[in-house]
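Residue strings, one per chain:
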Amino acid sequence: MTEGALDSVIEAASARLASDEASLFASCARILLTGVEAHPTGGDGALASMALEAFEWIRERAPGEIRVRVRNCEDRPGHTVVEAHQDDRPFILDTLELVLSRFGFQQRVVIHPIFRAERDERGRLVGVETGANGQPQESYVYIEFAPPLEVANHLDDLAAHLRQVMEWVADVNADHRRMVRAVRELIANLEFAGPALDGGSARAARVQAFLDWVVGGRFVLVGMRSYRFPEVGGETELHIVPGTGLGMWRDDESSRFAKPRRGADIPAEIQEDLADSRIILISKSHMESRIHRAGRPDRILVKQFDEQGAITGFTILVGLFTRRVLRTPGSQIPLLSERLREVIQRLGLTYGSHAHQAIVTAFDSAPVELLVGADVEQLVNLLPELVAAASSKSVRLVTRTHPRGRLLYAAVLIPREHYREDLRAEIRSLLEERTGARYIDDRTSFVEEGAAIVHCFCTAPEGETIHADLTRLEDEMRQLCSPWEDRVMDAMRGAHGEDAARSLVARYERAFPEALRVATDARDAVRDLGALEALAETGEPQCSLYFASDDDERETATLRLYLAHKPLLSDVLPVADHFGLRVMDAQLFEV
């Protein structure tokens, strides 16, 4: 919106107010509407109404209050409006957008002014201006989304949910310094107990360095809580440490361990974590992220020890590694760099050799969440497999399943020249269908051998496990990601053997036009090549009638005629009709 158009909107809206309110409104509206383009459905009139309504709504607010409302407006048809007004803090807008996207709503208008408000003792607005960094400011978010909510109680339900989410955002920000202090206390405990641990102070120091690195702006802490597990009546009892819940976990009653649990009632996941010899264990959380960005939060479990080195309890941190960390090579991250050194030693590699460089490249191409959650033994097995797959020059699938079957890591390796960004969505869709995963987080990396690696973390629905025929899955992934020529070669090799396949594919690989490739499953091209060979040898027309290999419904069949000369469709269609065939579509291709 131009400055002149903005002035016109403000002037038109100000005319609806008393003269003593017009000046304050004008200042407020200029902050609200600066940078806003024309309204998609209501034009300048809708913007004027929005500014007036927002002004009336934000005029009164108690200190620290979080206000949310959801409504439909007659002059903004086809949209529902969400507004949130509170003290400014990180993660407000991205969290609101995250929640709305999860409900399947599409944003049409987003306005997010941040301003310094002057209020009297009753919380009534008396002045407003653009604030400077470091000054207390207020945040107002206005979002219109489609399709609209038509049922009144659905509006109320969404408002209540958004208010809860905004309260979590407030708790996470308010407790940030407390959470950092708690991590520092975990570091101090490791320094205290280090001499008594297996591996001594040097081992403890590596974990300390990693935790110090984590709280240095590399991990968005959203919640944490401490736990103890004393012996009670001859059984281990697990309970929370009251008052240690921070961020989203402030409320002790929200914990599944609010009431102590003993013996076999302690979840297998926790029992396995306690039995694990590692000081720190990192994995994906069961839940989806509630704030900031989509994905499964990362779960960091840190054990605590007494001066004899005996475990006395543990603390769980939940949050999200920052995007900067996700782009950082694992070899440059504390704890992981040491893990890489151990892997290289275990594999007996010579420093600087090609094999050494290939393992380092594979390590650095792997997602940080995979590296931090794997132990040395797992990496010793995984990394050489990734190296071999990357150098194979064909589509390969490398998988690892969580011991309890809750998670599946799938790495799809594709020759770089055949990688397309839209393949990621198709890969996710295939994995969802074949594994039953409820959520898939993915990203792509590239290795020097010329392969693109699509890393996918597949999470089963709560209480379920991942089930997949991995041999079939790799075959389907190869079909999905390989070029048409490679898939035809695989199908021909299976039907006629290596030598015949090479000969036929070399003869015909450039013969099929693009439109025919799109219309032909590679497995069905075997039939086409055979018919074309017969036509060339005998000069007699050939035909085939079949169900396409990629047609699971089998409601229509395909009839293909192979002719030496270009026919007229008007001559061919009556013949099909004579045999009782109902033609749904007909295409002519030259090969």
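Right above here is the structure, for reference.
Cut-off values and rules
- Residues numbered from 1 in each chain as written.
- Predicted model: local features only at pLDDT ≥ 70, side-chain atom pairs only at ≥ 80, totals over all residues.
- Heavy atoms only, no water.
- Helix = DSSP H or I, 4+ residues; strand = E, 2+ residues; numbered from the N terminus.
- Rg over C-alpha atoms; globule rule 2.2 N^0.38 Å.
- Buried < 20%, exposed > 50% of the residue type's maximum accessible area, 1.4 Å probe, protein only.
- Contact = heavy atoms within 4.5 Å.
- Areas by Shrake-Rupley, 256 points an atom, 1.4 Å probe, with all protein chains shown as cover.
- Axes fitted to C-alpha atoms, helices over the stretch in contact; angles between N-to-C directions.
- Parallel < 35°, antiparallel > 145°, perpendicular 65-115°, else oblique.
- Left-handed = near helix turned anticlockwise from the far one by under 90°.
- Nonpolar A, V, L, I, M, F, W, Y, C, P; charged D, E, K, R; others polar.
- Pairing = 2+ DSSP bridges.
- Patch = residues over 30% accessible without salt bridge, like charges linked within 9 Å, V, L, I, M, F, W, Y side chains within 5 Å.
- Salt bridge = Lys/Arg side-chain N within 4 Å of Asp/Glu carboxyl O.
- Polar contact = N/O pair within 3.5 Å; in protein donor to acceptor, adjacent residues only side chain to side chain.

Observations regarding the overall build of the chain
Argument step 1. Counting its regular elements, the chain contains 20 helices and 20 strands.
Argument step 2. Computed over its C-alpha atoms, the radius of gyration of the chain comes to 31 Å, more than 25% above the 25 Å expected for a compact globule of 591 residues.
Argument step 3. Across the 591 residues of the chain, 47% fall into the buried class.
Argument step 4. At a minimum sequence separation of 6, the contacts of the chain that also span at least 24 residues come to 63%.
Argument step 5. When the accessible surface of the chain is summed, it comes to about 29200 Å², and 49% of that surface belongs to carbon and sulfur atoms.

Considering the packing of helix α16 (residues 484–496) against helix α17 (residues 498–508)
Argument step 1. Contact pair α16 / α17: the axes reach a minimum separation of 7 Å and the direction vectors enclose 140°. By the angle between their axes, α16 is oblique relative to α17. In this structure, α16 crosses over α17, and the sense of that crossing is right-handed. The segment α16 lies against α17, with V488, M489, M492, R493 and H496 engaging E498, A500, A501, R502, L504 and V505.
Argument step 2. A per-class count over the contact of α16 with α17 returns 7 nonpolar, 1 polar and 3 charged.

Some thoughts on the environment of L162
Argument step 1. As for its placement among the helices and strands, L162 is situated in helix α5 (residues 152–174).
Argument step 2. It is 25 Å that separates the C-alpha atoms of L162 and C28, two residues lying 134 residues apart in sequence.
Argument step 3. Contact partners of L162, with chain neighbours within four places excluded, come to V68, V70, V82, L96 and V99.

Thoughts on the sheet that holds strand β15 (residues 396–401)
Two pairing modes exist for strands in a sheet, parallel and antiparallel, and in both the strands are linked by backbone hydrogen bonds.
Argument step 1. With respect to topology, 4 strands assemble into an open sheet ordered β15-β16-β18-β17, the strand pairing being antiparallel. The outermost strands of the open sheet, each flanked by one partner alone, are β15 and β17 (439–446). With direction set aside, neighbouring strand axes in the sheet form an average angle of 15°.
Argument step 2. Of the pairings in the sheet, the one linking strand β16 (residues 407–415) to strand β18 (residues 451–459) comprises 9 bridges and is antiparallel in character. Among the inter-strand pairings, A411 is bridged to a residue of β18, identified as H455.
Argument step 3. Each of β15, β16 and β18 touches helix α13 (residues 376–390); the most contacted strand, β15, lies at about 165° to it.
Argument step 4. Here helix α14 (residues 423–435) sits on the sheet and contacts β16, β17 and β18; the angle it forms with β17, its principal contact strand, is near 140°.

Let's talk about helix α4 (residues 92–102)
Argument step 1. Those residues of α4 lying buried are I92, T95, L96, L98, V99 and L100.
Argument step 2. For α4, the elements touching its buried residues are β2 (80–87), β6 (138–146) and α5.
Argument step 3. Backbone geometry just downstream of α4 places G104 in the positive-phi region, at approximately 85°.

Here's the deal with a nonpolar patch on the surface
Argument step 1. A cluster of nonpolar side chains, L545, L559, L561, L563, V575, F579 and L581, forms an exposed patch at the surface whose accessible area comes to about 660 Å².
Argument step 2. Structurally, the position occupied by V575 is in helix α20 (residues 569–578).

Thoughts on the side chain of D521
Argument step 1. Take D521: it is sitting in the loop between α18 (514–519) and α19 (522–538).
Argument step 2. By relative accessible area, which is 12% here, D521 ends up buried.
Argument step 3. Separated by 2.8 Å, the side chain of D521 and the backbone nitrogen of R523 make a polar contact.
Argument step 4. Other than its neighbours up to four places away in sequence, D521 contacts W484, S549 and D550.

Any functional reading would require information that these geometric values do not contain.
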